Structures are given as C-alpha cells and as structure tokens.
Amino acid sequence: QVQLAESGGGLVQAGGSLRLSCTASGRTDSMGWFRQAPGKEREFVAAIRWSGGSAGYTDSVKGRFTISRDNTKSAVYLQMDSLKPEDTAVYYCAARLGPGIGYNRWNYAYWGQGTQVTVSS
C-alpha cells in the first residue's frame, strides 16, 4: 500500500513563492501534483517520473512552477514561484504505477490528504 504525506502549503502574497513536499512509501513509477479550487474540478498541475526525471506541466504553470524529485528520500517537490491569486487551491500529491506521465486524475491510484495554498492579491 502506498502512502503519501504532503507539507508546505500556506498563505502568500501574489508574486511570492511556496514549496510543497510529498514523501511516498511503497513502489510507484511517477508522482503528480493536482489542485482543486472551491467549486471546480480537480486539475492536473505537474508530474514527474522517478526514473529519468521526465516531467510535464499544465500550461498555466509553465515557467512558474518546477517539479523535482529526490529518489534517495522518496520525495517530490513542487516549487511555486510568481504565485497568482488564481493558484489558490488545495494541492494534492498523487502517485501511480505504469509507463509515461499521467495527466489525468484517473491515472492515479494513490492520493495524499491535500494542503491548502492561498495567494492573496
């Protein structure tokens, strides 16, 4: 059974930065970050494969967010810079088995509890 633990959310002013962390127990092939704002669907943000480090991003965060991983710590990070009020959401770490990068929440079998990110204007 895979367990995920997230940390690093909080309140920040627009233009600021936050770093989210997620540690995983158990075998997985890739990790992703999703977010869900009130009244909206959960959406893909970024994902990365443990092996090789190939990564993918949704267009709205390209150039501002960076996903990385530390295989020795089984940890994945989401560095969020130039934050905007529209980035406000609960951010979820997710894990999956299988090839490629999953861009859809249905690709992921394991989920963390979520961490709140609030960006004030």
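The structure we're discussing is the one just above.
Treat the numbers as computed from the prediction; the structure is a model and nothing was measured.

With that out of the way, let us pick up the nonpolar core. Counting 27 residues, the largest nonpolar core has Met31, Trp33, Leu78, Met80 and Tyr91 as its most contacted members. If you list the elements that add at least two residues to this core, you get β3 (18-25), β4 (30-36), β5 (43-49), β7 (65-70), β8 (75-80), β9 (89-96) and β11 (115-120). With near-sequence residues (within four places) excluded, Met80 lies in contact with Gly16, Ser17, Leu18, Leu20, Arg64, Phe65, Tyr91 and Val117. Formed by 6 residues, the second largest nonpolar core is a distinct cluster that contains Phe34, Phe44, Ala94 and Tyr108.

Further remarks concern the sheet that holds β3. Taken in spatial order, the 4 strands of this open sheet run β1-β3-β8-β7, and their pairing is antiparallel. In this open sheet, the two edge strands, each paired with only one partner strand, are β1 (3-7) and β7. On average, each strand axis in the sheet is inclined to that of its neighbour by 15°, with strand direction left out of account. Pairing of β1 with β3, which is carried by 5 bridges, proceeds in the antiparallel orientation.

This part takes up the pairing of β9. The element β9 is largely enclosed, with a buried count of 7 among its 8 residues. Bridge count between β4 and β9: 7 bridges; the pairing is antiparallel. Note on β9: the bridge partner recorded for Phe34 is Tyr92. The pairing of β9 with β11 spans 3 bridges and is antiparallel. The residue bridging Tyr91 from the neighbouring strand is Thr115, located in β11. The sheet contact formed by β9 and strand β10 (residues 110-111) spans 2 bridges and is antiparallel. By the bridge assignment for β10, Ala95 is matched with Tyr110.

Here the structure, examined in full by the defined rule, presents 6 aromatic pairs. Ring centres of Phe34 and Phe44 lie 5.6 Å apart, and the angle between their planes is 80°; on these two criteria the pair is classed as edge-to-face. Here Phe34, found in strand β4, pairs with Phe44, found in strand β5; they are 10 residues apart in sequence, far enough to count as distant. Across the pair, exposure class does not vary: Phe34 and Phe44 are buried alike. A centroid spacing of 6.4 Å and a plane angle of 80° characterise the contact between Tyr92 and Trp111, whose relative ring orientation is edge-to-face. Of the two residues, Tyr92 is situated in strand β9 and Trp111 in strand β10; the sequence distance between them amounts to 19 residues. Clustering of aromatic rings is evident, with ring pairs tying together Phe34, Phe44, Tyr92, Tyr103, Tyr108 and Trp111. A cation over a ring is seen here: Arg42 above Trp111, with NZ or CZ 4.9 Å from the ring centre.

The rules behind the values
Residue numbers restart at each chain and count upward from 1, following the sequence in its written direction. Restriction of local features to residues with pLDDT of at least 70 applies here, the model being predicted, together with a cutoff of 80 or more for giving and counting side-chain atom pairs; totals for whole chains, interfaces and linings are based on all residues. In computing side-chain properties, one takes all heavy atoms of the structure into account and sets aside hydrogens as well as water. To qualify as a nonpolar core, a set must consist of buried Ala, Val, Leu, Ile, Met, Phe, Trp, Tyr and Cys residues joined through side-chain atoms within 4.5 Å. Burial classes follow relative accessibility: with a 1.4 Å probe on protein chains only, a residue under 20% of its type's maximum area counts as buried, one over 50% as exposed, and anything between as partly exposed. Segments assigned H or I by DSSP are reported as helices when at least four residues long, segments assigned E as strands when at least two residues long, and all are numbered from the N terminus. Contacts between residues were defined by any pair of non-hydrogen atoms, one from each residue, lying within 4.5 Å. Pairing between strands is defined by DSSP: at least two bridges between them are needed. Here an axis means a line fitted to C-alpha atoms, over the contact stretch when the element is a helix, while the angle between two N-to-C directions is reported on a 0 to 180 degree scale. By convention, a stacked pair of Phe, Tyr or Trp rings (six-membered ring in the case of Trp) has centres within 6.5 Å and planes under 30 degrees apart, an edge-to-face pair has planes over 60 apart, and any other such pair is tilted. We count a charge as sitting over a ring when the NZ of a lysine or the CZ of an arginine lies within 6 Å of the ring centre and within 35 degrees of the ring normal.

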